[in-house]
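# Fold and contact review
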Amino acid sequence: LDHLEETLIKCRQETEGEERLDVLDDMREDVSFQIEDGVNLRLGIHEGLPQCTYFFEALSFYLSNIPGGRKRSTHLLRLFTALWDNEAVRETYALVMHRWLLSPQAYQDLVDADEKDLGISNLIKPLNVMIKGMNVLFWEDVHTLSQTYR
């Protein structure tokens with residue numbers, strides 16, 4: 001999660017052009033990697049979370065179900081919104097944030113974080129962007145005959 005956050009901050013502030021595109025594509029690939037069993041144990045991913053096959057699953061469960069993760073969700077939402085013009089960002093956003101955005105806690109988390117401009121009426125755009133990212137992922141699964149993003 002720290003790596004994801006650092007990458008978004010770096011791309012938002014420092015990188016431009018092709019370098020930014022490459023970094024964002026790498027970020028998308030990083031969250032899509034399968035988690036090896038040894039990594040699950042070493043990182044403590046299994047604690048409080050169901051068994052996850054991919055990093056994006058563990059991240060999305062963490063952001064929606066673990067109190068520390070829920071607090072970070074509003075900050076990540078801010079970082080993602082600054083880079084939504086990139087398809088890899090929309091896909092990563094959909095993979096990582098979908099559980100939190102669709103949870104009943106999302107609005108309360110925004111209120112608690114004092115994100116008044118991201119109130120319930122302003123969650124429409126984040127939901128639309130998530131759906132666009134999910135659409136691309138769905139079709140990627142269809143074309144590759146896989147179920148990675150189910």
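### Description of the packing of aromatic side chains
Any two aromatic rings considered together are summarised by their centre-to-centre distance and by the angle between their planes. A full pass over the atoms with the stated rule returns 5 aromatic pairs. For the ring pair Tyr54 and Phe56, a centre distance of 5.4 Å and an interplane angle of 10° mean the geometry is stacked. Considered together, Tyr54 and Phe56 belong to a single accessibility category, that of buried residues. Their ring planes at 80° and their centres at 5.0 Å tell us that Phe138 and Trp139 sit as a pair that is edge-to-face. Given a relative accessible area of 42%, Trp139 falls into the partly exposed group. Each member of the aromatic cluster is reached from another via a ring pair, and the members are Tyr54, Phe56 and Tyr149. The ring of Phe61 has Arg99 sitting right over it, with the charged end atom 3.8 Å from the ring centre.

### Considering the packing of helix 5 (residues 67-81) against helix 7 (residues 105-112)
Relative orientation of the contacting elements helix 5 and helix 7 amounts to 80°, with a least axis distance of 9 Å. In terms of orientation, helix 5 and helix 7 fall into the roughly perpendicular class. For the pair helix 5 and helix 7, contact is made by Arg70, Thr74 and Leu77 and by Gln105, Asp109 and Leu110, respectively. For the contact of helix 5 with helix 7, a count of residues per class yields 2 nonpolar, 2 polar and 2 charged.

The rules behind each value
- Residues numbered from 1 in each chain as written.
- Predicted model: local features only at pLDDT ≥ 70, side-chain atom pairs only at ≥ 80, totals over all residues.
- Heavy atoms only, no water.
- Phe/Tyr/Trp six-rings, centres within 6.5 Å; stacked < 30°, edge-to-face > 60°.
- Buried < 20%, exposed > 50% of the residue type's maximum accessible area, 1.4 Å probe, protein only.
- Lys NZ or Arg CZ within 6 Å of the ring centre and 35° of its normal.
- Axes fitted to C-alpha atoms, helices over the stretch in contact; angles between N-to-C directions.
- Helix = DSSP H or I, 4+ residues; strand = E, 2+ residues; numbered from the N terminus.
- Parallel < 35°, antiparallel > 145°, perpendicular 65-115°, else oblique.
- Contact = heavy atoms within 4.5 Å.
- Nonpolar A, V, L, I, M, F, W, Y, C, P; charged D, E, K, R; others polar.

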